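Structural overview for review
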Amino acid sequence: MMMRFERLLVTVGLASLMVNAARLHADVFVDSWGHSLPQWAPIWSWERSGAPTKWQYDTDQMATLHALISQVTGAGRVGSHCVEGVSRTGQVIHLCFDENTPEWYIESVSRRIFGDFSPAYYAVVRWSNTSYGSTGPRGNPIRLRWSFIPDGTEVTDIINGGRVPSDLHSVLDTQFGDRLLWQTQFRRAFTSWSAVAGIQFEEVLDDGADFPNSPGSASAPRGDIRIGGCPMDGQGRVLAYSHFPDVGDIVIDTSDWWYYPSDDYQRLRYVMIHELGHSIGLNHVGPCDCTKIMEPRRCTNFDSPQDDDIRGAQRFYGDTHEVNDSAATATFIGSPGELPGGGLRIEASLDRIDDIDYYRFTVGPNRRINIGVGPIGSTYNVGPLTTCDASYPSVNTRAIQNLELELLAPDGTTVLASATRNGIGFGERIVAPLYPAGGTFYVRVFSGDGSTDDVQRYALGLSTESLPPGDTNGDGCVNDSDLLNIMLSYGGTDPRYDLNGDGIVEDGDLLIVLLNFGRGCGEP
């Protein structure tokens, strides 16, 4: 029986209304099957329950259709949750959902009909509730508990049918001769996902409750993701199966042989990482060319999430530094002891075009700050799996968003320097003016013009370099130019010339220049 919100209401052929409403932007290309696929098919902001929008007032015919469908189906407030776009066959479609439809379902159906914003990972459904509670909006990090179910707990044999007792522990104990050894491979699989996306996993015991119909529990205890095993089809073929959120449970084929120490148990670990991808909401992608862990076949050239897999996970759960969308929640990335003239590098992402990342760092006096941001990614073919050998569109994941960069003052608001000129696919760099007193500063990474609303991974690098006290212009030499800067700024508050950090340019700063005059200038 369908849930009420699954009664999808579709009205087709409203092209003239949509174009007149000036709300459609779809650049179309042709794939190898000759079908028109949207390279950019925007899912416009959800029309939430509330007063009708202006375009609904202006478009009487559309409002009439909404009212008619509501009357025929009995669905509430038709028109309050609608999506418009160009389908995979180039057809203009207007979709309306019941007012109680979850946002994840709207997005999942919309992506199936309109396509992704660009060729990408196949993100199906995000966790909405875990044993920790509601997970919040897309892009927010989540926490999940996981557990091994006790042997004897019944699981489903999807090959032979029926319910059978799990024998994961007894079989792998026999194969490995060491329970810690095989369980470590599972733990490494969980760590591989938490290392690249905003997902924190906690291993707990398991009470053996009904599988897979028992949600995670902090008190039972019981994982949100539970793992069992049973014999299915012998060596090879089916290796495991799993459930999408909000279930996430996994069953391993225990009639397979998993003990392969010569490759560091890559087979078991790889299969678990792949199945966990399903458990967090990712589906199979193609082609099967061993560039993505969510391909339906096992590969041997890697055993961790790859670029496309990481982008899919970050689309749902953000990067490992979230939530850092404001100066108040900025991620602390360094202190004087950690930046003694050296530097640091972190990897993160903008998971949507309105995502903003703030980072906070502290430097000591007389250090110049160098900051750079650059896109991470590569060019490959990808899309929701049809067949392994089918043709798939190409994507350059270095060229999704236009990365822009700002250095902010200790107040977290005042822009001290910015870099916004290079455009999509390129990095930006700031060589900041010298701030002799040092202190706490912020970096802001955000999306500029021309960006596609999809995940842009990036690397942020920060370094500092030592300069002599009194060097106000950063040329490494304390000389007449620095003395002149102090004199011209005397009585002011410019932090570049406030050498002692007391908030005003005055005699103390002038004295610092005089006492260090000639330092760093070399021999005459």
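To be clear, the structure that these remarks concern was listed above.
One structure accompanies this document, and this report is about it. (Residues numbered from 1 in each chain as written. Predicted model: local features only at pLDDT ≥ 70, side-chain atom pairs only at ≥ 80, totals over all residues. Heavy atoms only, no water.)

1. Quick look at the state of the cysteines
Here a disulfide denotes one covalent bond, and it connects the sulfur atoms of two cysteines. If you walk through the whole model with that rule in mind, you get three disulfides. In this model Cys290 forms its disulfide with Cys299; the gap between the sulfur atoms is 2.2 Å. Residues Cys290 and Cys299 are joined by a disulfide whose S-S torsion is about -95°; by sign, that bridge is left-handed. Assessed through its relative accessible area of 29%, Cys290 is described here as partly exposed. (Disulfide = S-S within 2.5 Å. Buried < 20%, exposed > 50% of the residue type's maximum accessible area, 1.4 Å probe, protein only.)

2. Concerning the pairing of strand β8 (residues 142-148)
For β8, the tally of buried residues reaches six of seven residues, placing the bulk of the element in the interior. In this sheet, strand β11 (residues 199-203) lies alongside β8 in parallel orientation, the contact comprising five bridges. Considered in β11, the bridge of Arg143 is made with Gln200. Sheet analysis places β8 next to strand β12 (residues 225-230), joined by three bridges and oriented parallel. Note that in β12 the partner of Ser147 across the bridge is Arg226. (Helix = DSSP H or I, 4+ residues; strand = E, 2+ residues; numbered from the N terminus. Pairing = 2+ DSSP bridges.)

3. Side note on the sheet that holds strand β13 (residues 240-242)
In space, the five strands of this open sheet follow the order β11-β8-β12-β14-β13, with mixed pairing throughout. One side of each edge strand has no neighbouring strand; the edge strands of this open sheet are β11 and β13. Averaged over all neighbouring strand pairs, the angle between strand axes comes to 25°, with direction disregarded. In this structure, β13 lies alongside strand β14 (residues 250-253), joined through three bridges in antiparallel fashion. Counterpart to Ser242 in the pairing with β14 is Ile250. (Axes fitted to C-alpha atoms, helices over the stretch in contact; angles between N-to-C directions.)

4. What to know about the pairing of strand β19 (residues 367-375)
Most of β19 is tucked away: eight of the nine residues are buried. Relative to strand β27 (residues 456-466), β19 runs antiparallel, the two sharing nine bridges. The residue of β27 that forms the bridge with Arg367 is Ser466. Where β19 and strand β25 (residues 428-431) come together, four bridges link them in antiparallel fashion. Across the sheet, the residue bridging to Asn370 is Val431, located in β25.

5. Brief notes about helix α8 (residues 307-317)
α8 sits mainly inside the fold: eleven of its eleven residues count as buried. Buried within α8 we find Asp307, Asp308, Asp309, Ile310, Arg311, Gly312, Ala313, Gln314, Arg315, Phe316 and Tyr317. Positive backbone phi, at 70°, marks Gly318, one or two positions downstream of α8.

6. Points about the packing of aromatic side chains
Each aromatic ring pair is described using two quantities: the centre-to-centre distance and the angle formed by the ring planes. As enumerated under the stated definition, the model contains twelve aromatic pairs in all. Between Trp146 and Phe190, the aromatic rings sit 4.0 Å apart at their centres with planes inclined by 15°, giving stacked as the arrangement. With Trp146 in strand β8 and Phe190 in helix α6 (residues 179-194), this pair connects stretches of sequence that are 44 residues apart. Across the pair, Phe190 and Trp146 agree in class, each one buried. Ring geometry for Trp182 against Phe186: centres 5.7 Å apart, planes inclined by 75°, an arrangement best described as edge-to-face. Highlighted residues: Trp182 and Phe186, both in helix α6, separated by four residues, approximately one helical turn. Here Trp182 and Phe186 have matching classes, each one buried. Taking NZ or CZ as reference, Arg145 lies 3.9 Å from the ring centre of Tyr132, over its face. (Phe/Tyr/Trp six-rings, centres within 6.5 Å; stacked < 30°, edge-to-face > 60°. Lys NZ or Arg CZ within 6 Å of the ring centre and 35° of its normal.)

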